[in-house]
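Each chain, written out:
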Amino acid sequence: MKQNIVVMKFGGSSLSDPKKIKNVASLVAKRAEDGKKVVVVVSAQGKTTLNLMKSAREISPNLHKRELDMVLTAGERVSMALLAMAINDLGLESISFTGSQCGIITTDEHSNARIIDVRPFRVQDELNRNKIVIVAGFQGVSYKREITTLGRGGSDTTAVALTAALDAEYCEIFSDVDGIYSGDPREVDPFKLTSLSYDEMLELAFRGAKVLNHRAVAYAKDKKIAIYARSSLKEGSTTIRKFKPEYQNAIYAVTRHPSLVMVTAPSAEAFLELMEKVQNNDLTIKYLVAAENLFKIFISYQFLPELKNIKIIFSHNLEVESISLLGNSISESTNIILKAEKILLKNDIKVHAMEFSHSHLTYYISGSEGKNLEKLFHRQFIKPHQNPV
Ligand code: ADP
Ligand code: ASP
Ligand code: MG
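Rules behind the numbers
Residues numbered from 1 in each chain as written. Chains lettered and ligands numbered in written order. Predicted model: local features only at pLDDT ≥ 70, side-chain atom pairs only at ≥ 80, totals over all residues. Heavy atoms only, no water. Pairing = 2+ DSSP bridges. Helix = DSSP H or I, 4+ residues; strand = E, 2+ residues; numbered from the N terminus. Axes fitted to C-alpha atoms, helices over the stretch in contact; angles between N-to-C directions. Contact = heavy atoms within 4.5 Å. Near = heavy atom within 4 Å. Polar contact = N/O pair within 3.5 Å; in protein donor to acceptor, adjacent residues only side chain to side chain. Areas by Shrake-Rupley, 256 points an atom, 1.4 Å probe, with all protein chains shown as cover. Core = buried A, V, L, I, M, F, W, Y, C linked by side-chain atoms within 4.5 Å. Buried < 20%, exposed > 50% of the residue type's maximum accessible area, 1.4 Å probe, protein only.

Section: the sheet that holds strand S4 (residues 104-106)
- Spatially, S5-S4-S7-S8 is the arrangement adopted by the four strands of the open sheet, whose pairing is mixed. Both edges of this open sheet fall to strand S5 (115-118) and strand S8 (147-149), since each of them pairs with a single strand only. Averaged over all pairs of adjacent strands, the angle between strand axes in this sheet comes to 45 degrees, irrespective of strand direction.
- Across two bridges, S4 lies against strand S7 (residues 139-142) in parallel orientation. Pairing of Thr106 across the sheet is with Ser142, part of S7.
- Its contacts with the sheet put helix H5 (residues 155-165) on S4, S5 and S7, and the angle it makes with S5 is roughly 40 degrees.

Here's what the structure looks like:
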């Protein structure tokens, strides 16, 4: 049976200054006053993680992965203690814990670890003492007892993992948008998707909508956890749970994945050499395409401090972005490809590679064209009346 516990996660945008931290404290207090036991997962404030990465780079150009994780985990530690102070000042009792103190056990891949177990005994003890528990997201401890981080945006995964381990009712992820939209509200004029299936949200997150981390969504799908995406500043939400896909035969979202490098190899030998470099440098391939002895791989550098690191490893590289049209039966409609191709031709946009499946149509194009194509696609494919709600 579900416990009377809720997990609330606040991202960096909701914690970037003292006023926002106090606002978060009052949102948490409201849940506690509603009679819930509350666990709060926090990210680092604003751009703290990026700034910590930059400081580490200024000290050394080399990847000291263990030490980098020590540096980066400090960001969330600051947030957790500040929020605990703000909540205590409201007359409620709270206590903050690092990931390792909450028993978040991970693999040993520094900067990109995965959660393998959660043993939240200290969290449970403090909840039983009626305390609000604040947890530093994005971090854990490996089975080798080293401090690890979960990859950019990893606090979402901490929140979902704790929801599962505590058998909590649900998980709320707060950011600066009041839900999930048909496109990035900073770039296009989208409509809100008030409910999404896990698979739809997974596609959105994997294809670049950073509002939720795709590993967190996969974890939620696996453990059947409902996620509510909310804003810390206004009402409204999107629910992500085991719905059947709702957006049949229609494009329901356009996403853009920035920060990709395309590396090419003109022969099978060159490709082998390239793959060895990928492996030796712990890089993750987002997409790979090969035809007639031309191999193209697309690497995301979201997890690495700087693009330079990847670019200096390979000789033939180019900065690219991917733009995706998401729908549930896309491959049944050749109309969609026709329409997309016309837009690309008319706007003289060169395509480096393309993917087409049941759930998405994705174009890999030059980085400088990404925002333009995102806007063009959204205008042409998304109609406000498609909103089923
Ligand atoms: P946080 O700092 O709280 O983790 P993020 O910056 O990671 O927040 O995620 C929120 C941002 O995600 C929004 O400001 C918005 O620009 C962006 N975003 C991208 N795609 C979408 C989308 N489809 N729906 C909502 N927000 C989106
Ligand atoms: N602070 C980390 C990041 O910026 C983790 C997170 O925000 O979820 O990626
Ligand atoms: Mg985030």
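Things to note about the sheet that holds strand S16 (residues 285-291)
- Overall, antiparallel pairing links the six strands, which are arranged S16-S17-S15-S18-S20-S19 in an open sheet. Both outer strands of the open sheet, S16 and strand S19 (351-356), are each paired with one neighbouring strand and no more. Put simply, the sheet's adjacent strands are angled 25 degrees from each other on average, direction ignored.
- Judged from the five bridges that link them, S19 and strand S20 (residues 360-366) form a sheet pairing that is antiparallel. Counted as the bridge partner of Glu355 is Thr362 from S20.
- Packed on one face of the sheet, helix H8 (residues 268-280) meets strand S15 (251-265), S16 and strand S17 (294-300) and runs near 15 degrees to S17.
- Sheet strands in contact with helix H10 (residues 334-346) are S15, strand S18 (317-327), S19 and S20, and its direction is about 15 degrees off that of S20.

Overview of the site of ligand 1
- Around ligand 1, 18 residues are found, and the nearest of them are Ser13, Asp176, Tyr181, Asp184 and Arg186.
- Here Gly12 contributes a backbone N or O atom positioned 3.3 Å from an oxygen atom of ligand 1.
- A distance of 3.1 Å separates an oxygen atom of ligand 1 from a polar atom in the side chain of Ser13.
- When ligand 1 sits alone it has 570 Å² of accessible area, and the protein chains cover 89% of it.
- Sorting the residues of the shell around ligand 1 by element identifies strand S9 (170-175) and strand S10 (180-181) as the ones contributing at least two each.

What to know about the nonpolar core
- Counting residues in each nonpolar core, the largest one holds 65 residues, and the members touching the most others are Leu204 and Phe377.
- Those residues within four positions of Phe377 in sequence are excluded, and the remaining contacts are Val254, Ile323, Leu325, Ala340, Ile343, Tyr363 and Ile382.
- Listed in part, the 24 residues of the second largest apolar core include Val6, Leu15, Ala25 and Val38.

A short note on the pairing of strand S14 (residues 237-241)
- Burial within S14 is extensive, with four of its five residues counted as buried.
- Bridge count between strand S12 (residues 195-197) and S14: three bridges; the pairing is parallel. Counted as the bridge partner of Ser197 is Arg241 from S14.
- One ladder, built from four bridges, connects strand S13 (residues 227-231) with S14; its direction is antiparallel. Bridging across to S14, Ile227 finds its partner in Ile240.
- Counting the residues between successive antiparallel strands, the hairpin from S13 to S14 contains five residues, one of them, Gly236, with a positive phi of roughly 110 degrees.

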